[in-house]
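# Descriptive structure summary
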Amino acid sequence: MIVHPAAYALLLISFQPHPAYGKIPTNISKKDQHEASDVSSKIRPTRQLRLNRSSDEGNDTAASVDVGRGKASKTSKGGRVGNGNKRDDAAGNVGVDEVDGSDQGDTTSGLVDSLGDQESKEEPPTIWPTYVPSPFVSDASYIVTPTIVTHSNCAPIGSRPRPSGPPKNTPNPTPKITDTLMPSKDDKSSPVTFRRGNLQKDVPKFGFKVTEGMAVRPLAKAGFTLALGNGQKSELRFHSSPDGAAIIPLNDGYVYVSNSEMRQGEGGVYGIYFDHDGNVMDYKMLLSGTTRNCSGGTTPWGTFVSCEEYGNGQCWQVDPDPLSKHHPKPEKTKLGGDGGNFEAVACDDRNLEQPIFFVTEDLKSGALRRYTPPMTIPGTAAGWDALHAEGGTTEFLVFLEDNSFVWSCDEWLGRYSQEKYFPNVEGIVFREGLLYFVSKRTSKLYVLDLDNGTYTASSTKDYSLYSGEFKNRPDQLATNDGEFLYFTEEGGQTPGVYAIDAEGQSYAIFEAYDSKYFNDETTGLAFSPDGTKMYACFQDCGCEVSGDIDCGCLFVFWRTDGRSFDGATLGLKFH
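Residues numbered from 1 in each chain as written. Predicted model: local features only at pLDDT ≥ 70, side-chain atom pairs only at ≥ 80, totals over all residues. Heavy atoms only, no water.

## Looking at the overall build of the chain
- Assigned secondary structure in the chain consists of three helices and 30 strands.
- Partitioning the intrachain contacts of the chain with sequence separation of at least 6 by distance along the chain shows that 63% fall at a separation of at least 24.
- Accessible area of the chain: about 23,800 Å², with a carbon and sulfur share of 51%. (Helix = DSSP H or I, 4+ residues; strand = E, 2+ residues; numbered from the N terminus. Contact = heavy atoms within 4.5 Å. Areas by Shrake-Rupley, 256 points an atom, 1.4 Å probe, with all protein chains shown as cover.)

## Thoughts on the environment of F208
- Mapped onto the secondary structure, F208 falls in strand β3 (residues 208-210).
- You can call F208 buried: its relative accessible area is 0%.
- Between the C-alpha atom of F208 and that of F510, which follows or precedes it by 302 residues, the distance is 7.1 Å.
- Not counting the four nearest positions on each side in its chain, F208 is found in contact with K201, D202, V203, V216, F510, E511, A512, Y513, Y517, F538, F555 and F557. (Buried < 20%, exposed > 50% of the residue type's maximum accessible area, 1.4 Å probe, protein only.)

## Observations regarding the pattern of salt bridges
- Scanning all chains against the criterion turns up 15 salt bridges.
- The residue E361 makes a salt bridge to R415 at a minimum N-O spacing of 3.4 Å. Separated by 54 residues along the polypeptide, E361 in strand β16 (residues 356-361) and R415 in helix α3 (residues 411-421) bring together distant segments of the chain.
- On the basis of relative accessibility, which here comes to 1%, the residue R415 falls in the buried class.
- Between E395 and R370 there is a salt bridge; the shortest N-O distance is 2.9 Å. Residue E395 is located in strand β18 (residues 393-399), and its partner R370 is located in strand β17 (residues 369-372); the two are separated by 25 residues in the primary sequence.
- Residue classification places R370 among the buried positions, given a relative accessible area of 12%.
- It is possible to trace a salt-bridge network through shared partners that takes in E261, R292 and E309. (Salt bridge = Lys/Arg side-chain N within 4 Å of Asp/Glu carboxyl O.)

## Some thoughts on the pairing of strand β11 (residues 293-298)
- Counting buried residues in β11 gives five out of six residues, a clear majority hidden from the surface.
- Looking at chain direction, β11 and strand β12 (residues 304-313) are connected through four bridges and run antiparallel. Note that in β12 the partner of T298 across the bridge is F304.
- Linking β11 to β12, which pair antiparallel, is a turn of five residues; within it G302 sits at a positive phi near 85 degrees. (Pairing = 2+ DSSP bridges.)

## Comments concerning the side chain of S443
- With respect to the helices and strands, S443 occurs in the loop between β21 (434-439) and β22 (444-449).
- We classify S443 as buried; its relative accessible area is 4%.

## Side note on the nonpolar core
- The biggest cluster of nonpolar side chains holds 27 residues, and the ones touching the most others in it are F208, Y486, F510, M534, F538, F555 and F557.
- For this core, the secondary-structure elements that each account for two or more residues are β3, β4 (214-221), β26 (496-500), β27 (506-512), β28 (522-527), β29 (533-538) and β30 (553-559).
- No other element matches the four residues that β27 contributes to this core.
- Formed by 23 residues, the second largest nonpolar core is a distinct cluster that contains A215, A245, I247 and Y535. (Core = buried A, V, L, I, M, F, W, Y, C linked by side-chain atoms within 4.5 Å.)

Now the structure itself:
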């Protein structure tokens, strides 16, 4: 029998062992190592696309949703408590460490309570979704690019007339060389002390370096209560495995909304409430009973969408405003459809009557989707009900070969396109007609021009930094009040926060070096409404087993000159 060479090649591919078998690579994050160990004994080897949206990184069962203040998370992994880190006194209390500069109005004193005894509880057995082979081999190099055909019930949607001439694909620019004071948008009269990207300030007590002209202190540690501005303590202990976050302004201050990526229905959403000066006034649970709440995003009407990252995950709308009628009852949205490994949400809010939402999926064969809610009454801005009403449209991103794209209601095409071009999509943000998102598998930043239907891509590993390094996987994206796009980082020995400006020049904002952060990830990046305070987490923060009750910590950073992080800066002189 004569075997065609292409068929023989496909035969060899189909019998490759699954990467979960054998030794786990040492250059991936602790979370990935832990999840790979779980998956290795529960799935069959396959190289085919999984159309049922089961996660590449492990799955959890769905859970009912309970709302209220709740109780502290239960211990996992045999009920171990404590994180093995040094404490400031024998009683196990953790005091306030503030590094350099005035408090700038922050009177929240960090960490004041010991963890105490908690009952251990065995985790329920995990019910693993069934893996269904797809009708085509998943290695994109062996797939013939499908032709987008117009069907009566599923036509490509959202394509626009493309500009004439070759597509624009701008390379990474060479860093500018300057040693002067850059122009300021601020009206501050005090001298500028911030030198963006110059990691010359060591903070040994925390094990990381920050940009010159920055100050930092711890705000919360998993398993400990928060100190409130009135001298009291929060009723709840800070949640474990903090992940995506956002800042939402309120009438009397603002709220830092934070996901918990705990498994088996132990995840959820929490809120730290601040006054206008940045003092902690309250901390409470906003959503409970969900699983692996990863990231999410905000809406134009001031709510938060939290995404679950597991095979049957959903996206939940949460209103953190205590005065809102929706505050007591979060609700599942239409964004997630039949479920998936959802990551982050962005919103094109140029038309407030009908804003458009984009949802990423952290799966090799996932699908980046666009959701258009039904139109509201003309002249009326959309609100809470826009994400729950019937009649919305879901479409999927499809890249074409000429650096253009379309939105199609054919989910198969969307999954094919993601696997071939941008697998495992993480953070996403929208700004001025452009949609930015990153793939942790390709380590690339993709920029979609939504009005012209074209895209560009650049490698985050190519960013040239004055000091520090950004060589691992890009994760979450965030913006402040200026031109900068901020990244968090997953894995490696120096997880940190980084930024690029409108011209593509890159900067390190802070970067960890202590061994307790090896293979950790920075999460929860968000800025206060005035742009002067930056909040960021380490998801493990030195805990022994990723996902345990004591994993995670939150820091607050500020510029010692009191300006916005996107404001004036001293220039850098490259040598």
